[in-house]
Amino acid sequence: MSLQIPHSARASFARHKTKCLIGSVVAVIFLLFLSSPAKTYRQFITGPVTEPPQVYQETLSQPKVPPPPYTSLRKWEENLPQHDLNLPFPEGKNGRYVKFSNQIIMLGWNNVLNEVSVLASVMTLMNAHLAYSSGRSYVFQDYVWKPEYYPWPEKQRLQNPPRTPLGALIGGSVVGQPFDEGDTAPRSVSDKYFDKVCPFNERRFIYTGDVKPILAWKQGDEIFDYWSKLLRDAPERCIEVQSSGDDKFPQTFDLWLWGSDRILPLWDSFSKSPTSRLLTTSPIVGAAVKRNEYLFVPRGPRPSYPVGPDPYARMLAMHIRRGDFKGACTHLATWNSTFYSWNLLPQLPDPLTFPPHIVWNTTEYFDAHSERCLPDFDQIIRKAKDSREDYAKASPGRTRALDIMYLLTNEKGEWIEKLKASLRKDGWRTIVTSNDLELDSEGVDTNMAIDMDIARKAAVFVGNGWSSFTSNINHRRLVDGKEPISIRFW
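As the structure is a prediction and not an experimental result, all values here were calculated from the model.

A. Quick look at the sheet that holds strand 12 (residues 430-433). The five strands lie next to each other as 12-11-10-13-14, forming an open sheet whose pairing is parallel. With one partner strand each, in any of the chains shown, strand 12 and strand 14 (487-489) form the two edges of the open sheet. Within this sheet the neighbouring strands show an average axis-to-axis angle of 20°, counted without direction. Of the pairings in the sheet, the one linking strand 13 (residues 460-463) to strand 14 comprises three bridges and is parallel in character. Bridging from a neighbouring strand, Gly-463 pairs with Phe-489 of strand 14.

What follows is the structure, encoded as structure tokens:
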């Protein structure tokens, strides 16, 4: 016998659920300073609008080096061995391909990355995982910048809108590198090769407006399995997924999904997939990290306990956003938003919970929420100390001391200098920030991916639970085998 729920109760529940989901989407948008994907896509297609773009303080300082042309990387990409029409099935002129033209463009890098595996971090990754599961070559595409976030002014841009090759930001099978030995899955190809092997008149177009309404509010694994079967069973060898309708988030795996716990059923298969396991740091990002590792050489007297030469084994990395983050956090609290994506995994410490006496939309709630979203000076110092102590206690009988700190931050000036001085008094003798890195033009263009890789390698990472940036770092850390106690939230 099924339970009959009164209409008024169902309506109330639906409103509550909708508000929470909307709040999760708002979290992603405000944390990454995004505007509507529909609006930015229209700008991309039709050209600039008359209203001036909003430029944030962190983008106002122009690099001293020109933007990179990526000549060598473009050549390498063009000459990938799978870009050969004469290869046997499942590649070549008879191979099976899928291009996701509904992928995010002109948004924050981390949102793009989310869509490709299960981004350019998780969106790109999710689409690649879907292509693999359906037996088709994934068609990778450039990361297209939202112009006001691009480090160089318009007069210096090599393209409009600016683009960065996906292979500059990430490495692995998603950008055409090999799968595991013995894996016969078709390799990823570039969008330029797709145009060659799949002429426009030979493509089947699948429109999201015909599929997504069927899947609204279903669990992530159900959405994935539906799309996987659709792509696998389609007889056409060339498929292009395009947006349709008035859906402001037309991606296959959209922000309504990533901003809720409905994504969690996908974690097990996604984290074990070749897309995740073979995801690597790009050579460009790896070289920039390596070039700056001298900054992490420990300062101060030699510790009284044994230490090894690896600075990352002694490092605590913390993601600290300031200034522009205040408004974002207020919106998150207003919508009672949950943490984002993989930050919701139940095995991670510091879940988003408040004492029973703290009720939503009260002064007490906003204060408690601010501590988790925009920690103040003293809260940052306390969290660093607690994370260091908890990490040491989790390994009894073995010394695991942290004395090197890396701050992923957009903050400059007096506030950050005072914070560093206080942290040094608490035993952090070596402190480096994002602003201390020495970067060439390719490094400036990929600076966020550089920050992410340093945080991935650190012994302990403290991030913001509402941030897709933090979520993508945690994805890499967990796939790398980092223990949950090394992944913390404000």
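B. Geometry of the state of the cysteines. Applying the stated criterion across every chain yields a total of two disulfides. Between the sulfur of Cys-198 and that of Cys-238 lies a disulfide, 2.0 Å long from S to S. Its S-S torsion of about -75° marks the bond between Cys-198 and Cys-238 as left-handed, since a negative value means left-handed. Here Cys-238 lies in strand 8 (residues 238-242) and Cys-198 lies in the loop between helix 7 (191-197) and strand 7 (204-207), a separation of 40 residues in the sequence. For the pair formed by Cys-198 and Cys-238, the shared burial category is buried. At a sulfur-sulfur separation of 2.0 Å, the disulfide partner of Cys-329 is Cys-373. Note on the Cys-329 and Cys-373 pair: the S-S dihedral is about -75°, so by sign convention the disulfide is left-handed. Placement of Cys-329 in helix 14 (residues 325-334) and of Cys-373 in helix 15 (residues 363-373) is noted, with a sequence separation of 44 residues between them. Taken N- to C-terminal, the disulfide-bonded cysteines of the protein are connected 1-2, 3-4.

C. Broad picture of the side chain of Arg-372. Tracing the backbone shows Arg-372 in helix 15. Within the buried set, Arg-372 has no salt-bridge partner at all; the shortest N-O distance to an opposite charge, 5.4 Å, is to Asp-350. Within the structure, Arg-372 has its side chain in polar contact with the backbone oxygen of Asp-350 (distance 2.8 Å). Discounting chain neighbours no more than four positions away, the residues touching Arg-372 are Phe-339, Asp-350, Pro-351, Leu-352, Thr-353, Phe-354, Trp-466, Phe-489 and Trp-490.

D. Representation of the packing of helix 13 (residues 283-291) against helix 19 (residues 447-457) in the model. At their nearest, the axes of helix 13 and helix 19 sit 9 Å apart, and the two run at 65° to each other. Between helix 13 and helix 19, the angle falls in the class roughly perpendicular. Helix 13 and helix 19 meet at a crossing whose hand is right-handed. Residue-level inspection shows Val-285, Ala-288 and Val-289 of helix 13 in contact with helix 19, the latter providing Ala-449, Ile-450, Asp-453, Ile-454 and Lys-457. Its residues assigned to classes, the contact of helix 13 with helix 19 shows six nonpolar, no polar and two charged.

E. Focus on the confidence of the model for the protein. The share of residues in the protein with pLDDT of 70 or more is 83%, and the mean pLDDT across the chain is 84. Under a pLDDT of 50 for its full length, residues 25-60 has, in the predicted model, 73 contacts with residues more than four places off or in other chains. pLDDT under 50 marks residues 108-120. Its contacts with residues more than four places away, or in other chains, come to 109 contacts.

F. The arrangement of helix 19 in detail. Counting buried residues in helix 19 gives eight out of 11 residues, a clear majority hidden from the surface. Within helix 19 the residues assigned to the buried category are Ala-449, Ile-450, Asp-451, Met-452, Asp-453, Ile-454, Ala-455 and Arg-456.

G. Fine view of the packing of aromatic side chains. Counting across every chain of the model gives 20 aromatic pairs. Residues Tyr-97 and Tyr-193 carry aromatic rings whose centres are separated by 6.4 Å and whose planes lie at 65° to one another, so their mutual orientation is edge-to-face. Both residues of the pair, Tyr-97 and Tyr-193, count as buried. By the ring-pair criterion, three or more aromatic residues cluster together here, those being Tyr-143, Trp-145, Tyr-150 and Trp-152. One cation-aromatic arrangement involves Arg-400 over Tyr-391; the distance from NZ or CZ to the ring centre is 3.7 Å.

Conventions and cut-offs
- Residues numbered from 1 in each chain as written.
- Predicted model: local features only at pLDDT ≥ 70, side-chain atom pairs only at ≥ 80, totals over all residues.
- Heavy atoms only, no water.
- Pairing = 2+ DSSP bridges.
- Helix = DSSP H or I, 4+ residues; strand = E, 2+ residues; numbered from the N terminus.
- Axes fitted to C-alpha atoms, helices over the stretch in contact; angles between N-to-C directions.
- Disulfide = S-S within 2.5 Å.
- Buried < 20%, exposed > 50% of the residue type's maximum accessible area, 1.4 Å probe, protein only.
- Lys, Arg positive; Asp, Glu negative; His and termini not counted.
- Salt bridge = Lys/Arg side-chain N within 4 Å of Asp/Glu carboxyl O.
- Polar contact = N/O pair within 3.5 Å; in protein donor to acceptor, adjacent residues only side chain to side chain.
- Contact = heavy atoms within 4.5 Å.
- Parallel < 35°, antiparallel > 145°, perpendicular 65-115°, else oblique.
- Left-handed = near helix turned anticlockwise from the far one by under 90°.
- Nonpolar A, V, L, I, M, F, W, Y, C, P; charged D, E, K, R; others polar.
- pLDDT = per-residue confidence, 0-100.
- Phe/Tyr/Trp six-rings, centres within 6.5 Å; stacked < 30°, edge-to-face > 60°.
- Lys NZ or Arg CZ within 6 Å of the ring centre and 35° of its normal.

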